[in-house]
Amino acid sequence: MGNYKVCVYAICKNEVQFVERWMDSMSEADCVVVLDTGSTDDTAEKLRQRGAQVTVETVSPWRFDTARNRSLDLVPPDMDLCVCTDLDEIFHPGWRAALERAWGPGVSQISYRYTWSFNPDGSEGVVFWSEKVHARHGFRWVHPVHEVLEWTLPSPRGRPVQALGVQLDHHPDPAKSRGQYLPLLELSVREDPEDDRNMHYLGREYMYRGRWDDCIATLSKHLAMPSATWADERAASMRYIARSFGEKGRSGLARDWYLRAIAEAPHLREAYIDLASLLYAQGNWDGVLYFTGCALDIRDRPASYICEAAAWGSLPWDLRGIALYHVGRVSQALEAAEQALALTPGDERLQNNVTFFRSLSEARTE
């Protein structure tokens, strides 16, 4: 089909609703291999009807790295590029040609643009660069959850490259449970307590579960790890600690941790907006204006998973517009509200804000 042999490989369980869309998207590959880990619906049969090579096996005890490695074992050994996707993901057309343009001698892994979530209005939410395209030999998956590729050969690893023009979109089933994540993350940290990324993920998961004290303790461990040097991720840990203190009613500590996060990574919007939201709840309008202004001065959206959709959507303008109204700057409040509405045009509350501020502004000019 092209200059290189390309194989898509995946794991699945009870995902029959995604089969047609996924197989359409993956049809640019030379072959598609799937490990079905125990579907009770027609997933395996539908995949085979569409031309996928399907193996059905139970993985027990369940681990994502074990399942991914077993699916990788199913890839024919003569393939050049292995493309790992899930059935709830779809490539934009032309992805194979873009991968082949990026591939070449000495290349071992490709990163590409990945939209992990979408906002209710269909706009992009969390966007970052993923790295699940790799050479057939030399890689294995590690970690029970949030698994990553690891180079296993004694020879030097080839260089990683970016593939411009490749776009993968994630459209998950909202009803699917993430209940297995926490025990697998706890296992991952027990197995490799020096892995700072897993420690960060575990603390974040505790926050998602409302386990505020566990979140604070775990992310404090993360921040103390010598290997935890990436400012963006450190700032995220500080923000999650701040959020946990806020939920515990300790707003002063929450404020202090947000300020630490800003100092750690002043190039990121998220901590400014989190602190502005805290000050908004306290009616500190001057503080809201200052920190939303700092956030909006940041124009370049980072291409990492740390980047959160809210900080790049209507929220900064929304907070700012309401704060401007409360300090009596109605015409500027209207401008900010219009900016917020332009980013989320279907939001009825934002529509009402624009109408209200416009009526106030017009009344003052009469």
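Look above for the structure.
Now for a quick tour of the structure. None of the values given here were measured: they were computed from a predicted structure.

### Description of the layout of surface pockets
Roughly 310 Å³ of volume is contained in the second largest pocket. In terms of lining residues, the second largest pocket is bounded by 18 residues, among which N119, G313, S314, L343 and T344 are the most central. Broken down by secondary-structure element, the contributors of at least two residues to the lining of the second largest pocket are α12 (315-326) and α14 (348-365). Residue composition of the lining of the second largest pocket, grouped by class: 7 nonpolar, 5 polar and 6 charged.

### Examining the packing of aromatic side chains
According to the stated counting rule, one finds 13 aromatic pairs in the structure shown. Here the aromatic rings of F91 and W95 are separated by 4.6 Å at their centres, their planes lie at 20°, and the arrangement is stacked. For W95, a relative accessible area of 0% translates into the label buried. Directly above the aromatic system of W141 lies the positively charged group of R68, at a separation of 5.9 Å from the ring centroid. Its end group placed over the ring of W312, R269 keeps NZ or CZ at 3.8 Å from the ring centre.

### Examining the nonpolar core
If you look at the biggest cluster of nonpolar residues, it comprises 117 residues, and the most contacted ones within it are W22, L47, W95, L99 and I110. When residues no more than four places from it in sequence are discounted, the contact partners of I110 are L81, L99, A102, W103, S130, E131, K132, V133, V161 and A163.

### Focus on the sheet that holds strand β2 (residues 31-36)
Strands sit in the order β3-β2-β1-β4-β7-β6-β10-β5 across an open sheet of 8 strands; the sheet is mixed. In this open sheet, the two edge strands, each paired with only one partner strand, are β3 (53-56) and β5 (89-91). Each strand of the sheet is rotated relative to its neighbour by a mean of 35°, with strand direction disregarded. Relative to strand β1 (residues 6-12), helix α3 (residues 64-73) is tilted by about 145°, and along the sheet it contacts β1, β2, β4 (81-84) and β7 (127-135). Against the sheet, helix α4 (residues 95-102) makes contact with β1, β4, β5, β6 (107-115), β7 and β10 (159-170), and its axis sits at roughly 170° relative to β10, the strand it touches most.

### Quick look at the pairing of β3
Pairing geometry for β2 and β3, over 4 bridges, is parallel. Bridge pairing links D36 to V56 in β3. Between the parallel elements β2 and β3, the chain passes through helix α2 (residues 43-49) in a crossover that is right-handed.

### Notes on the side chain of S108
Structurally, S108 can be placed in strand β6. Once residues lying within four places of it in the same chain are set aside, the contact partners of S108 are W103, V133, H134, A135, F139, R157, G158, R159 and P160.

### A look at helix α5 (residues 181-191)
Count 3.6 residues to each turn of an α-helix, and residues three or four apart come out pointing the same way. For α5, the set of buried residues is L182, L184, L185, S188 and V189. One side of α5 holds all its buried residues, which, seen down the axis, span an arc of 165°. On its buried side, α5 packs onto α3 and α6 (196-208).

### Focus: the pairing of β4
Residues L81 and V83 point to one face of β4 and C82 and C84 to the other, with burial holding for every one of them. Direction of pairing for β1 relative to β4: parallel, over a ladder of 4 bridges. Residue C7 lies in a different strand from β4, and its bridge partner there is C82. Looking at chain direction, β4 and β7 are connected through 3 bridges and run antiparallel. Across the sheet, V83 pairs through a bridge with V133, a residue of β7.

Reading the values: rules and limits
- Residues numbered from 1 in each chain as written.
- Predicted model: local features only at pLDDT ≥ 70, side-chain atom pairs only at ≥ 80, totals over all residues.
- Heavy atoms only, no water.
- 1 Å grid on protein atoms, 1.4 Å probe; cavity = no way out; pocket = protein on both sides within 12 Å on 5 of 7 lines; lining within 4 Å.
- Points joined across faces, edges and corners; volume = space filled by probe spheres on them.
- Helix = DSSP H or I, 4+ residues; strand = E, 2+ residues; numbered from the N terminus.
- Nonpolar A, V, L, I, M, F, W, Y, C, P; charged D, E, K, R; others polar.
- Phe/Tyr/Trp six-rings, centres within 6.5 Å; stacked < 30°, edge-to-face > 60°.
- Buried < 20%, exposed > 50% of the residue type's maximum accessible area, 1.4 Å probe, protein only.
- Lys NZ or Arg CZ within 6 Å of the ring centre and 35° of its normal.
- Core = buried A, V, L, I, M, F, W, Y, C linked by side-chain atoms within 4.5 Å.
- Contact = heavy atoms within 4.5 Å.
- Pairing = 2+ DSSP bridges.
- Axes fitted to C-alpha atoms, helices over the stretch in contact; angles between N-to-C directions.
- Right-handed = clockwise from strand over helix to strand, strands pointing away.
- Arc of directions from axis to C-beta.

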